Amino acid sequence: MPAPDPAALPLYDRGMVFHQGLPVAMGAVTRINRHRVDLEVGSLGFEAETPVSVDLYPRGDVHAPERRVTGYVEGTDRGLLAIRLER
């Protein structure tokens with residue numbers, strides 16, 4: 001099986017989710033665009049419209065976040081957390 005094209009992978013591969021300023025989970029970024037971030041974080045029990053922020057870590061062996069985004073929980077399904085970003 002050929003290796004995935006690096007250009008097709010998300011620019012960020014991990015995200016730390018914060019709620020009310022406290023870290024609650026870290027997970028893999030499965031999708032990101034200017035409107036939404038999806039993370040594999042397991043079950044957190046968040047309700048829709050819960051305000052959160054996410055520190056995004058770039059691909060590779062980097063130990064410091066590169067960007068912080070804020071938004072609202074759009075939904076959760078089977079360990080995926082969908083966050084609608086603020087504009």
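Everything numeric here is computed off the predicted structure, so don't read it as measured data.

### Points about the pattern of salt bridges
Under the criterion given, the structure shown has six salt bridges. The shortest N-O distance in the salt bridge between D13 and R14 comes to 3.4 Å. One network of salt bridges, in which partners are shared, links R31, R36, D38 and E74.

### Regarding the side chain of D55
Mapped onto the secondary structure, D55 falls in strand β4 (residues 51-58). A residue is classified by how much of its surface remains accessible, and D55, at 10% relative accessible area, is buried. Within the structure, D55 has its side chain in polar contact with the side chain of R68 (distance 2.5 Å). Each residue touching D55, except ones within four places of it in the same chain, is listed here: R14, G15, M16, F18, P65, R67 and R68.

Rules and cut-offs
- Residues numbered from 1 in each chain as written.
- Predicted model: local features only at pLDDT ≥ 70, side-chain atom pairs only at ≥ 80, totals over all residues.
- Heavy atoms only, no water.
- Salt bridge = Lys/Arg side-chain N within 4 Å of Asp/Glu carboxyl O.
- Helix = DSSP H or I, 4+ residues; strand = E, 2+ residues; numbered from the N terminus.
- Buried < 20%, exposed > 50% of the residue type's maximum accessible area, 1.4 Å probe, protein only.
- Polar contact = N/O pair within 3.5 Å; in protein donor to acceptor, adjacent residues only side chain to side chain.
- Contact = heavy atoms within 4.5 Å.

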